[in-house]
There are 4 protein chains.
Amino acid sequence: MTAASAHAASRGRIDKRHAILDAAITVFARQGYAQACVKEIAAEASVAKPTVYNHLTDKANLFRQAVEAAADALHAENLAALDGLTRPGDDLRAALEDTGRRLLRHHCSERSTALRRLLHAEGTRFPDLLGLPSVDPRTLATALADRLARLCVTGRLRLTDPDRAAEQFLALLTGPVDLRSGYAGRSMTTGEQDGIARAAVDVFLSAYTGSPAPPE
Amino acid sequence: MTAASAHAASRGRIDKRHAILDAAITVFARQGYAQACVKEIAAEASVAKPTVYNHLTDKANLFRQAVEAAADALHAENLAALDGLTRPGDDLRAALEDTGRRLLRHHCSERSTALRRLLHAEGTRFPDLLGLPSVDPRTLATALADRLARLCVTGRLRLTDPDRAAEQFLALLTGPVDLRSGYAGRSMTTGEQDGIARAAVDVFLSAYTGSPAPPE
Amino acid sequence: MTAASAHAASRGRIDKRHAILDAAITVFARQGYAQACVKEIAAEASVAKPTVYNHLTDKANLFRQAVEAAADALHAENLAALDGLTRPGDDLRAALEDTGRRLLRHHCSERSTALRRLLHAEGTRFPDLLGLPSVDPRTLATALADRLARLCVTGRLRLTDPDRAAEQFLALLTGPVDLRSGYAGRSMTTGEQDGIARAAVDVFLSAYTGSPAPPE
Amino acid sequence: MTAASAHAASRGRIDKRHAILDAAITVFARQGYAQACVKEIAAEASVAKPTVYNHLTDKANLFRQAVEAAADALHAENLAALDGLTRPGDDLRAALEDTGRRLLRHHCSERSTALRRLLHAEGTRFPDLLGLPSVDPRTLATALADRLARLCVTGRLRLTDPDRAAEQFLALLTGPVDLRSGYAGRSMTTGEQDGIARAAVDVFLSAYTGSPAPPE
DNA sequence: TATGAATGAGCATTCATTCAT
DNA sequence: AATGAATGAATGCTCATTCAT
């Protein structure tokens, strides 16, 4: 076997594993853990059932790996959405709104919704998942708190507890979305999301800035 | 059969139905819909399996009825928590905090947590449940919006969109709780809950009152 | 439910259990433990597969119970074959031959052959079975030794170690049978069996009678 | 390819085949035919699964070849144990006891026990195996009968049916061993074996010698 | 009405066997 | 010749649901 073909082969193996994990979240999200059957996941990934077991051992492990992969991806995207806050430029409001909008885009994506549903549903039966940083929502909150603390140091915000402020910012974004979506149902236009983001920033700034929030 | 005994009998029938529904949420909450087996529910209710079917037809219907009953009870409690806002007396802040605390008590209760978990997990497979007023979180939001609108009319608050303000108030309460609890894991002291409620009211008032929020 | 019908019902339950155990040994004997599938056992017993599980929990337990029942039955028959030795009358040779013939009849029966095959095959995986008195071949040997000891006391035999003599008597009976049958294959006429029994008694008596047995 | 390397290669091939067969009996003996999986045999032989198939076609064939090889080896040993009976010298009793002890050593070896277990368990599913001379116990019995017949001709024994006598000699040896071992369980000290061999010879000689067995 | 017993359908998992390399 | 990967076929077991009592 040449180096190239070896590389191709291991590449193929990784691709297949990826395809299976991808199929897995899709099906798990659609059916739930218990209702999802491995046969269906295999079909969705266009492989035979034992291939799934060859690559991932177990239904439980399949679930874990699939959730972990999805959570990692989403978490990375969310972290990236915070970048604009590190050096916000002149317009803090705009930077916050931009971050808010991006976070809401992710939060409302089908993947994210499905992932949250799965974690809610099966978290108690897979406690190890809840310990993963990319799964624990406090990881994002802490990262946001870091940004807010810098903004406080540079005098752009006035706050005493960055963690609490970060929680509240996130709450003001996702809370209304979750509330309107009911339990994993209705989707939402980007316009609606933007309105929520703007309102969240309004409240946030009026609380954590010397001057009251500007009228709409 | 005398009228009295008929009454007693139907009373017994209702009691048994109640016992079954009670056992059902308990077990469903512990195991999830698919993993819960009717046998276990019957055992928890101390009846035989066919009795469950006699009273409730179906596993699906059993789930529906159990969830509906639990949701109704919780919803009533939540509505009651809003009462203090109708005529808040002098101290609006105190009234809001009290409402916040009470809502958080409910929100953090085991029953409520379990119910949300079940709705998240199975909502898509029981869309009819999501339409129930006591299940739809917008029902509570609307009721709160009503109170806030009155407060606006009486000049205690300054807001243009009571629905949005209500959403945000609820978000500031439950968002931090959910965030810290991870997905249905860690529980929370009442002290923590009270801190969250106070912080929520701080932010809320600073956004929706003329004067800036008082420092902590 | 009347006492009679209750009795009938429990009788029916026992009958069904019996039918399942019966089907089980048949199939296990035909296929071996691992190759036998519960579905086939259920079919042989004319019940549905879950009924087998309702009555007997497990494939392993099914095996255990079936083997135990068969072993008990065979053991009882074998013990009965020893009865003629307790008071042998004038003709000791005839009594021994009769016992020998009866033991060989049992030993050559399809049930007994199948049972020995199963125990040989799966004994290591079901060590608890090997501890059962009706399974342990030493139980029969000891019972025979008891009879031989009585015959020694009454002067009909001359032997110093009844256990060893019993072992040898049984060996002289079953050894040639097993040898000729190959490993659970060829069956054997009763005439052949009788010849073996007579030869066994010849050897046994010449060792343990009139003419002095060699001192050890 | 040179003749030497060809030779080396075919030697390597044979070695590998041997290693596989060796691993096979080990695993088959431990697990039984059906429970043994080819993967485990391959692992025990330190080769990949397809290599097993390359060399031995089939699980069934693998079993056959492995059993046949083991049976051949054991049979050769058993035949060798009979050598001392061809010209027994002065002390017939000693020669018989020596043969008996050696046969019991083999009979009690782990390999032999395992082989018998496998043949008992799977004999009916591999009838061709039962036809092999080294598997058929009558082969050894006949060889022994030959020796006994010679001893009869030379006046050392008095018997009319050498086949029957041979069967009985073997029965007196292996019967007590099998009886005490239960079904594939308890092992046995060489002292115990020697006692059984001596007792077997006692009985055998008292039956097949004109005069009673000579005292020790 | 309440229940012990029975069942049909489904699912996770394993394994002998075969390709492609 | 040897192997990693893939698959079709089976099998043990569970569970929602229905009868018969």
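Residues numbered from 1 in each chain as written. Chains lettered and ligands numbered in written order. Predicted model: local features only at pLDDT ≥ 70, side-chain atom pairs only at ≥ 80, totals over all residues. Heavy atoms only, no water.

Asks: Teacher, can you tell me more about the overall build of chain A here?
Replies: Helix and strand counts for chain A stand at 10 helices and zero strands. The secondary structure elements of chain A, listed N-terminal to C-terminal, are α-α-α-α-α-α-α-α-α-α. Over its C-alpha atoms, taken along the principal directions, chain A stretches across nearly 65 × 45 × 30 Å. The buried share among the 216 residues of chain A stands at 47%. Long-range pairs, those at least 24 residues apart, make up 67% of the contacts in chain A between residues at least 6 apart in sequence. Carbon and sulfur atoms form 53% of the exposed surface of chain A, whose accessible area is close to 10000 Å². Computed over 27 positive and 26 negative side-chain charges, the separation of the two mean positions in chain A equals 4 Å. (Helix = DSSP H or I, 4+ residues; strand = E, 2+ residues; numbered from the N terminus. Buried < 20%, exposed > 50% of the residue type's maximum accessible area, 1.4 Å probe, protein only. Contact = heavy atoms within 4.5 Å. Areas by Shrake-Rupley, 256 points an atom, 1.4 Å probe, with all protein chains shown as cover. Lys, Arg positive; Asp, Glu negative; His and termini not counted. Charge placed at Lys NZ, Arg CZ, Asp CG, Glu CD.)

Asks: Hey, could you run me through the protein's contact with DNA strand F in this one?
Replies: Residues in contact with DNA strand F amount to 33 residues; listed here are only the nearest, Pro50 and Thr51 of chain A, Tyr53 of chain B, Lys49 of chain C together with Thr51 of chain D. Those atoms of DNA strand F that come within 4 Å of the protein belong to sugar or phosphate at a rate of 58%. Contacts to DNA strand F include Lys49 of chain B, whose side-chain N or O atom sits 2.9 Å from a base oxygen. Every element with two or more residues in the surface near DNA strand F is listed here: helix H1 (3-31) and helix H3 (49-56) of chain A, helix H3 (49-56) of chain B, helix H3 (49-56) of chain C together with helix H1 (3-31) and helix H3 (49-56) of chain D. (Near = heavy atom within 4 Å. Polar contact = N/O pair within 3.5 Å; in protein donor to acceptor, adjacent residues only side chain to side chain.)

Asks: Explain the domain arrangement of chain A to me, please; I cannot follow it from the model alone.
Replies: Interfaces are often sized by the accessible area lost when the parts come together. Residue and element names in this part refer to chain A. Split by domain assignment, chain A resolves into domain 1 (1-56) and domain 2 (66-208). The gap between the C-alpha centroids of domain 1 and domain 2 is 31 Å. Counting residues at the interface gives nine residues for domain 1 and eight residues for domain 2. Carbon and sulfur atoms make up 71% of the surface buried where domain 1 meets domain 2, a total of about 740 Å² over both sides. By the criterion of area lost to domain 2, the three top residues of domain 1 are Ile25, Ala29 and Tyr33, representing 68% of everything that side buries. Two residues, Asp22 and Arg111, come together in a salt bridge whose shortest N-O distance is 3.8 Å. The residue makeup of the side of domain 1 that touches domain 2, split by class, is six nonpolar, two polar and one charged. (Domains from an automatic or database assignment. Buried area = accessible area lost by both parts, 1.4 Å probe. Salt bridge = Lys/Arg side-chain N within 4 Å of Asp/Glu carboxyl O. Nonpolar A, V, L, I, M, F, W, Y, C, P; charged D, E, K, R; others polar.)

Asks: How do you make sense of unusual backbone geometry when you look at a structure like this?
Replies: Among all residues save glycine, negative phi is the norm, and among peptide bonds the norm is trans. Residues and elements named next belong to chain B. For Ser46, which is not glycine, the phi dihedral falls at a positive 55°. Among the secondary structure elements, Ser46 is positioned in the loop between helix H2 (38-44) and H3. Since its relative accessible area comes to 65%, Ser46 is described here as exposed.

Asks: For this particular structure, what's the right way to read the protein's contact with DNA strand E?
Replies: Near DNA strand E there are 34 residues, and of these Tyr53 of chain A, Thr51 of chain B, Pro50 and Thr51 of chain C together with Tyr53 of chain D occur at the shortest range. A share of 59% is what sugar and phosphate atoms reach among the atoms of DNA strand E within 4 Å of the protein. At 3.1 Å from a phosphate oxygen of DNA strand E is found a side-chain nitrogen or oxygen belonging to Tyr53 of chain A. Ala48 of chain B has a polar backbone atom sitting 3.0 Å from a phosphate oxygen of DNA strand E. Within the residue set of the surface near DNA strand E, elements represented by two or more residues are H3 of chain A, helix H1 (3-31) and H3 of chain B, helix H1 (3-31) and H3 of chain C together with H3 of chain D. Examining the composition of the surface near DNA strand E, we find that five residues originate from one element, H3 of chain C, more than from any other.

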